Amino acid sequence: MSEYSVGFAYHISDRYFAFVNDPTLMTNKEDGRYRPHFFCFRDFSTPDLIWAVPLSSKVEKYQEIRNKKIERYGSCCTIVLGDFAGRPCAFLVQNMFPLTERYIDHVHTVENRPVALHPTLVGEIQANAKLALNLSKRGSKIIFTDIPRLKALMLSELQE
């Protein structure tokens, strides 16, 4: 396990994906080379929970989806575009999921140095995630993962 700190991207342990057994999650690929990366931040009301937001390099694909949502609804809180490690990236709030620190495998590094996200981008992702979670609690299906089930699994594990 890696020591968690906000503002960085992490790799999630295969144990998490095996434990929650959710086919909608973006799981590790490429024989242990740890893709995708996940921006992680603590839950706003339950600090022992951490939210993982997948990163995607398919920026054009998600830019188009984001533009369509903005055109239709006036805004889009489910996809945030920004730079990570010097490259354009899409942060997929729509695919976020809860976990605990025990499932964080390690921080993402480039040349053995952790890669930090710009603080403004961190704030934007967290604000959009908070909005998406609130909308989800009110019944909007804007987050694709089964948040109630995954959150219950993590909370029950924390109580053990």
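In every chain, residue numbers begin from 1 and rise along the written sequence. Where local features are concerned, this predicted model is filtered to residues with pLDDT of at least 70; where side-chain atom pairs are given and counted, the filter is 80 or more; whole-chain, interface and lining totals use all residues. For side-chain calculations, the full set of non-hydrogen atoms in the structure is used, while hydrogens and water are omitted.

Peer 1: What is the right way to look at helix H4 (residues 147-159) in this model?
Peer 2: Its 13 residues place the ends of H4 18 Å apart at the C-alpha level, agreeing with the 18 Å of an ideal helix rising 1.5 Å per residue. In this description, contact between two residues means that some pair of their heavy atoms is separated by no more than 4.5 Å. Here a helix means four or more residues in a row that DSSP labels H or I, a strand means two or more in a row labelled E, and each is numbered from the N terminus. Structurally, H4 contributes buried residues whose contacts are with helix H1 (14-20), strand S3 (50-56) and strand S6 (97-99). Expected span of a helix: the number of residues minus one, times 1.5 Å.

Peer 1: Mind showing me how you'd approach the pairing of strand S4 (residues 79-84) here?
Peer 2: For a regular strand, the rule is simple: side chains alternate between the two faces of the sheet. Relative to strand S5 (residues 87-92), S4 runs antiparallel, the two sharing 6 bridges. Bridge assignment links Gly82 to a residue of S5, and that residue is Cys89. In this structure, the hairpin formed by S4 and S5 is closed by a connection of 2 residues, where Ala85 is found at a positive phi of approximately 55°. Two strands pair under a simple rule: DSSP has to find at least two bridges between them.

Peer 1: Sorry, what's going on with the pattern of salt bridges here?
Peer 2: Opposite charge on two side chains allows them to pair when their charged atoms are near. Any Lys or Arg side-chain nitrogen located within 4 Å of an Asp or Glu carboxyl oxygen qualifies as a salt bridge. Summed over the entire model, instances satisfying the criterion amount to 6 salt bridges. As a salt-bridge pair, Glu101 and Arg42 come within 3.0 Å of each other at their nearest N and O atoms. Here Glu101, found in the loop between S6 and strand S7 (104-107), pairs with Arg42, found in strand S2 (residues 38-42); they are 59 residues apart in sequence, far enough to count as distant. Relative accessibility decides the category of a residue: with a 1.4 Å probe and only protein chains considered, values under 20% of the type maximum give buried, values over 50% give exposed, and everything between is partly exposed. Residue Glu101 is classed as partly exposed on the basis of its relative accessible area of 22%. The class of Arg42 is partly exposed, set by a relative accessible area of 31%. Linking Lys68 and Glu64 is a salt bridge whose minimum nitrogen-to-oxygen distance equals 3.4 Å. Within this pair, Lys68 and its partner Glu64 are both found in helix H2 (residues 59-73), separated by 4 residues, close to a single helical turn. Salt bridges sharing partners connect three or more residues here, namely Asp22, Asp146 and Arg149.

Any link to function would need more than the numbers given here.
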